[in-house]
Every structure is written in structure tokens, then in C-alpha cells.
Amino acid sequence: MTSTAAPPAPVPARRAPAARRPRRKWRGWLFVAPFMLVFALTFVAPVVYAFVLSLFRDQAFFGGTVFVGADNYVQVFGDPKFWEAFRRVLVFLAVQVPIMLVLALIAALAIDSARLHGAGFFRIVIFLPYAVPAVVAALMWGFIYGDHFGLAADLNHLLGTAVKPLSPSWLLTSIGNIVTWEFVGYNMLIFYSALKVIPKELFEAAAIDGAGTFRTIVSVKLPAIRGAIVVATIFSIIGSFQLFNEPNIMRNLVPNTIGTFYTPNMYAYNLSFNGQQYNYSATVAIVMGVITAVIAYVVQLRGSRKEM
Amino acid sequence: MATFSVTQPRKSRVLTGFMALYLLYTLVPLVWLVINASKTQPALFSTSGLSFGGTFALFDNIGQTFTYNGGIFFRWLGNTLLYVVVGAGGATILATAAGYGLAKYRFPGRRAVFAVVLGAVAVPPTALAVPTFLMFSKLGLTNTPLAVIIPSLISPFGLYLIWVYAADAIPDELLEAARIDGAGEIRIFLTVTLRQLVPGIITVTLFTMVQTWNNYFLPLIMLSEPKWYPLTVGLNQWSAQANGAGAQPIFNLVLTGSLLTIIPLVVAFLLMQRFWQSGLSAGSVKQ
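Worth saying up front: this structure is predicted, and the values here are computed from it rather than measured. By convention here, each chain's residues receive numbers from 1 onward along its written sequence. As they are written, the chains are lettered A onward and the ligands numbered 1 onward, keeping that order. Since the coordinates come from a predicted model, pLDDT governs what is reported: local features require at least 70, and pairs of side-chain atoms require 80 or more to be given and counted, while whole-chain, interface and lining totals use all residues. Heavy atoms throughout the structure, all of them, feed into the side-chain values; hydrogens and water do not.

## What to know about the environment of K11 of chain B
Part 1 of the reasoning: Going along the chain from the N terminus, every DSSP run of H or I of four or more residues is numbered as a helix, and every run of E of two or more is numbered as a strand. Mapping K11 of chain B onto the fold places it in the segment before α1 (13-36).
Part 2 of the reasoning: Contacts between residues were defined by any pair of non-hydrogen atoms, one from each residue, lying within 4.5 Å. Leaving out residues up to four positions away in the same chain, K11 of chain B has contacts with A114, R115, L116 and H117 of chain A.

## Overview of the interface of chain A and chain B
Size of an interface, as often reported, equals the accessible area lost when the parts are brought together.
Part 1 of the reasoning: Every contact between the two is made by 111 residues of chain A and, on the other side, 114 residues of chain B.
Part 2 of the reasoning: Salt bridge, as used here, is a side-chain nitrogen of Lys or Arg placed within 4 Å of a carboxyl oxygen of Asp or Glu. At the junction of chain A and chain B, the tally comes to 1 salt bridge.
Part 3 of the reasoning: The salt bridge partner of R27 of chain A is E185 of chain B, with a shortest N-O separation of 2.6 Å.
Part 4 of the reasoning: Distance and chemistry together define a polar contact, namely a pair of N or O atoms within 3.5 Å, with one atom able to donate a hydrogen and the other to accept it when in protein, and with adjacent residues in sequence counting only for side-chain atoms on both sides. Remark: the boundary between chain A and chain B carries 11 residue pairs in polar contact (both at pLDDT 80 or more).
Part 5 of the reasoning: Looking at the side of chain A that touches chain B element by element, the count peaks at 18 residues for helix α1 (residues 29-54) of chain A.
Part 6 of the reasoning: Only Asp, Glu, Lys and Arg are considered charged in this grouping, and only Ala, Val, Leu, Ile, Met, Phe, Trp, Tyr, Cys and Pro are considered nonpolar; every other residue, Gly among them, is considered polar. Of the residues contributing to the side of chain A that touches chain B, the split by class is 79 nonpolar, 21 polar and 11 charged.

## What about the packing of aromatic side chains?
The geometry of an aromatic ring pair comes down to the distance between the two centres and the angle between the two planes.
Part 1 of the reasoning: Between rings of Phe, Tyr and Trp, where Trp is taken as its six-membered ring, a pair exists when centres lie within 6.5 Å; planes separated by under 30 degrees are stacked, by over 60 edge-to-face, and by other angles tilted. The tally for this structure, following the rule as stated, stands at 48 aromatic pairs over all chains.
Part 2 of the reasoning: Here Y68 of chain B and W238 of chain B contribute two aromatic rings whose centre-to-centre distance is 5.5 Å and whose plane-to-plane angle is 90°, an arrangement assigned as edge-to-face. In this pair, Y68 of chain B is assigned in helix α3 (residues 58-104) and W238 of chain B in helix α12 (residues 231-243), connecting sequence segments 170 residues apart. The pair Y68 of chain B / W238 of chain B is uniform in exposure class, with both members buried.
Part 3 of the reasoning: By way of ring pairs, the aromatic residues F127, Y130, F183 and Y186 of chain A together with F157, F207, F269 and W276 of chain B are connected into one cluster.
Part 4 of the reasoning: Counted as over-ring charges are cases with an Arg CZ or a Lys NZ within 6 Å of the ring centre that also lie within 35 degrees of the ring normal. One Lys or Arg, R75 of chain B, reaches over the ring of W228 of chain B and ends 5.1 Å from the middle of that ring. Each residue's exposure class comes from its accessible area (1.4 Å probe, protein chains only) as a fraction of the maximum for that residue type: buried when under 20%, exposed when over 50%, partly exposed otherwise.

## Things to note about helix α6 (residues 151-159) of chain A
Part 1 of the reasoning: Residues of α6 of chain A that are buried: L151, A152 and N156 of chain A. An end-on view of α6 of chain A places all buried positions within 140° of arc, on one side of the element. Exposed side of α6 of chain A, more than 90 degrees from the buried face: H157 and L158 of chain A are the residues found there.
Part 2 of the reasoning: Its buried side turned inward, α6 of chain A meets α5 (134-145) of chain A together with α1 of chain B.
Part 3 of the reasoning: The positive-phi residue at the C-terminal boundary of α6 of chain A is G160 of chain A, with phi of around 70°. By arc we mean the arc of the directions from the helix axis to the C-beta atoms, nothing more.

## Things to note about the UniProt feature "transmembrane region" (unreviewed entry) in chain B
Residues and elements named next belong to chain B.
Part 1 of the reasoning: UniProt positions are given in the numbering used here, feature names are shortened, and annotations may be inferred rather than shown by experiment. In the numbering adopted here, UniProt assigns the feature "transmembrane region" (unreviewed entry) to residues 12-35, 81-100, 112-134, 146-167, 188-210 and 250-271.
Part 2 of the reasoning: Secondary structure content for residues 188-210 is 96% helix and 0% strand, while the C-alpha to C-alpha distance between its ends is 30 Å.
Part 3 of the reasoning: Counting secondary structure, residues 250-271 comes out at 95% helix and 0% strand; the distance between its end C-alpha atoms is 33 Å.

## As for the environment of V68 of chain A
Part 1 of the reasoning: Within the secondary structure, V68 of chain A is located in the loop between β2 (65-67) and α2 (71-77).
Part 2 of the reasoning: Separated by 31 residues in the primary sequence, V68 of chain A and I99 of chain A have C-alpha atoms spaced 43 Å apart.

## Quick word on the pattern of salt bridges
Part 1 of the reasoning: If you walk through the whole model with that rule in mind, you get 6 salt bridges over all chains.
Part 2 of the reasoning: Among the salt bridges present, the one from R88 of chain A reaches E84 of chain A, with a minimum N-O distance of 2.8 Å. Of this pair, R88 of chain A and E84 of chain A are both found in helix α3 (residues 80-112), 4 residues apart, which corresponds to roughly one turn of the helix.
Part 3 of the reasoning: Here D172 of chain B and K104 of chain B are joined by a salt bridge, their closest N and O atoms 3.1 Å apart. In this pair, D172 of chain B is assigned in helix α8 (residues 172-180) and K104 of chain B in helix α3, connecting sequence segments 68 residues apart. For the pair formed by D172 of chain B and K104 of chain B, the shared burial category is buried.
Part 4 of the reasoning: Taken together, the salt bridges that share partners define one network made up of R27 of chain A together with E176, R179 and E185 of chain B.

## Regarding a nonpolar patch on the surface
All names here are of chain B.
Part 1 of the reasoning: The patches reported here contain residues having more than 30% relative accessible area and no salt bridge. Joining distances are 9 Å for like charges and 5 Å for nonpolar side chains (Val, Leu, Ile, Met, Phe, Trp, Tyr). Throughout, the Shrake-Rupley method with a 1.4 Å probe supplies accessible areas, and for residues the shown protein chains are the sole cover considered. Residues V198, I263, V267, L271, M272 and F275 make up a contiguous nonpolar surface patch of about 520 Å² in total accessible area.
Part 2 of the reasoning: It is helix α13 (residues 251-271) that provides the largest number of residues to the nonpolar patch, a total of 3 residues.
Part 3 of the reasoning: Here F275 shows up in helix α14 (residues 273-283).
Part 4 of the reasoning: What makes F275 partly exposed here is its relative accessible area of 40%.

## Observations concerning the packing of helix α9 (residues 185-196) of chain B against helix α10 (residues 198-214) of chain B
Residues and elements named next belong to chain B.
Part 1 of the reasoning: Simply put, an axis is a line fit to the C-alpha atoms, just over the touching stretch for a helix, and the angle between two N-to-C directions goes from 0 to 180 degrees. The contact between α9 and α10 brings their axes to 5 Å, and the two run at 75°. With respect to their mutual orientation, α9 and α10 come out roughly perpendicular. Between α9 and α10, the contacting residues are L194, R195 and Q196 on the first element and V198, P199 and I201 on the second.
Part 2 of the reasoning: The residue inventory of the contact of α9 with α10, partitioned by class, reads 4 nonpolar, 1 polar and 1 charged. For this classification, under 35 degrees means roughly parallel, over 145 means roughly antiparallel, 65 to 115 means roughly perpendicular, and everything else is oblique.

Quick look at the structure:
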């Protein structure tokens, strides 16, 4: 999962310092140039390189590569492995993301409400799983899910159920649970920070109008933090499409259930590192990148249109 | 005139109880980890998950974790620290300078910088990993610390956070006053700006630190020798070794190692929560 947050939102233009001397105009670059140099090397160059790679194909028998134009892209669109992986992350996205964001929203509203005993304690503890590496979270939950170390088995015994979290039918749900556990606190913090800066006058106005707690939440708080909700949604979508760490680590436990193309990102990884099909792997990565960017863009458009 | 004020609502036990259930979900796996890191390997299999089993072996496990396989865990810890100090530290410095530059200067190409970085946030970072690997492999950088450090140096989130923070925290008048006093731009940055940005910088440091400390995908791809692994990749290797057929299982070390990997970050977040939380809410004003 990615763990970055808020993308830059347009910042209202501030009063620019008057450019008295022409030389001064360029001074901003002094501070921005180092970032942009490394950025060019680690973001721009790989994107360009991936695109170039995707236009070629390895010649298995003759050695070297040949230019094949859009052939690799055509192949992705007819590749059942890719679409199986894609459908899987789409289901994951449709189920896990809403659950996680609603939980985060409830937690943020509760902590912000001033009706919670020990709100500060709740805030920091619920956030803590974010500091746990995905590797450790997946190892930990993997053990808990398994029969060896008892917890899932204990719970089944207690409730009289027979849920096997690592069985093929439960596995995606089990991975969803790990991701939810890791990121509810992080999203809660995004929502909470946004709630904290809502102007107090809005609440006073709502109270004068006789709005109760629920009405205040729906009519004042949620619209006020729409920007934060859009941001959290976009990052959760990107995270779902990029799902890699948790299933890749859990492969150790269930190698037969989690194959080499369980998620699109695992597919791209295995094409490169187990199959040496770098050109096709780059194509898969680009297709996923474009799909993700388009969906993120649509969500952002819809999110900001409602605001007007 | 009677002033209208919003009365402070009373604390609710129902809400607190409801939230306590969620807290339980958050904490149980962590408690489970602490309990099970204190068990010997046989006790892991023979005792129930949430009860202490037999002898209290935590310190023995810690000793074993650090000495197993010629002290490789210690090496991984050192690597992780190196990647965090240089990678996350460098990312914070670059993001701070660039965020400040974007917030407080008008310069040709500023809009282009804005568009490119905005676009980069939408590009999923892991989609870049394979091409970055191939590129670095051509440059002879793979399987060196630089392969992990260089991509860690860019944090678009850090840039964004400093940007909105600087726009708020540093009045233009302050910069103008310093300029009138004859200070150069670099000197203003070092003596005036940095001090104003402290909560923002601490917030960015903590988040880039978590990203680098927890990074798994990038080092997994870039590194082929265990001697360069960070803790995350190393731990997963131990775990894979424990699960392979006919292999030597070291579950107790995987668990103790996991616990040792979490503790530094949890401590950092707890100690510095006042700073990073104030840095975050300043950043969200503009959302």
C-alpha cells in the first residue's frame, strides 16, 4: 500500500514580492531545483523509460529486442491473467475502501465530538498501526489467521464457527482486514485534522438554527471536510490498485492460493523478476498507472464539482 | 446583550464504550505480538494465542534475534538506520526547501513545477519500481544502498505539507524585512524560515521516516544480497525460511524481530505527537 497522503491542492495566489531587479525573478529556483533534479531522476526518467520499454519486445530465439509498437498493449487487453488480477483488486476496492473510510470517519467524528472520554488517547492508539510496517502487519495477522498460533482457532472454538481465514474463499477478506487495520488510523487523522479547523462560527450558526448533533454532522461537518474525504478516497483507490506487500508476504503461508498474478502489481513484479519479461512487465505497469490516474482524476473532479 | 455560545456537550459513556470496542480491534494484534514474542518456539505451538506460555523468554529471544546467523539482524538494523537517516533526512531537506520556494517565490516555471508534482502524486509509486530497477541496473546502482536511498529522497506529500504550512506560517513582511536588512535568500532561509517551519518539518520527518523504515517493495526489488537488506526484507526472509519445506523454522525470532522493528517508530510518534499533530492540522487548512 502506498503511504503518502494529501496531494497538492491549488494554493490561492499570495501577494508576490515585487520583482525589483530582473535577476530576482529566478531566485525561487534556488530552493526548488534540488528537489526537481532528484524528481527528474526518480519519477520522470522511469516513466519515460517504462514507456520506451513497452514499445519493444524480447526476441527469445534471436536475442536483442525489436520494436513492436502497440503490440504489448494489445496483449495486455487480451490477457486473462491481467484481467483476473484486475477484477480481484476492483472487488477489494469496492468493499474494503468504503468500510475503512466509514470507520475512519466515525472515529474522527467521535474523537472530535468532545463527548468521548480520553479522546487524545483514542486518537494516538487508533493511529498507531500506521507505524507498523506492512511486512510486520502481514506476518502478525498471518500467524493470527493460521491454526498454529491459536487465535483464529480459539475464536472459532469460542463462537462455534469454522472460519478459515487463509482458505481461498476467505483470503481476500482476510487481506482486506489487514489493510483496514493498518490504515483506518491514518485516514482518521486526515479527517480529524480537517474537522479541527472548521470555523467555530459555523457550529454556532447551526446551533442557533436548532440543529442537533446528527444534523450538524450531516449539514456542517461533512461538507466542510469534503476536500479531505476526496483526498483520502483517492489515496485509498491508488493503494488498492497497487496492492502488493500484504499478499506477497502471505504467499509464504499459502503459496497455492496466492499465485504469481494475484494482483496486477504482483503480476508486473513476477513478470520482471521471475519471468525476465521486462518489456511486457513495463506495459502492465503503465496500463495500471493510467487506469489509476484516470480514476483518481474522475474522483477528484466529481468531488470538487459537488462543492460548487 | 446575551451572547450565544455552544455549550460543551457532556461526555458520553455509550460512545466511549463503542469506541473502546474499536480500540480493542486495534490493540489485540499488538498485544498478541508482545505476548508471543515472549514465548519459546515450542510454547508458541502448545499454548493459546493470548496467554503467556510457560517460561518468559522475551529477553532470551531478543538475545537470539541479535546473534542468529552471525548477527545479521544487527546489520539489517544498521542498514535501516542508514536508509532512514540519509533517505528520509534528505527527503525532508529537499521537500522543505522546495515547499518554501513554491510558497514564497514567484518564478518562471512555477506552474509547471506545480503541474508535474501534482501529476506525480497520481502516478502510483510502485508502478515506477520496475522501470526504476531497470534504469538503476543500467547505471550499476542496484544492490547498493544508493538504490534504496535515491528514490526515498522524493516525498511529494512532504513538499505539499511544507508548501501549505509555509504559506501560512511565514508572513511576506518578515522576508521583506530581512531583505531590507541586507540578508541573502539562503541566509533568510537558514535563519528566519527554518525556525518558523519547525512543526511542519517535524511532521514531514516523521512521515518520511515511517515510509523509509517500513519500505519493503523497493528494497525487495533493488537488493539481491542479504547484507544490504533493511529489517522489513530481512524479516520476510526469516519468515519464508520458517515456512519452506524441510527448512529451519524460527518463528520466535520472526516475532521478536517484528516487535523490535515496530518499537522505534511507535516511540517516536508518542514522544513527538504534540509537534506532528499541530503540523498536520495546519496543513489541512487548505484542503
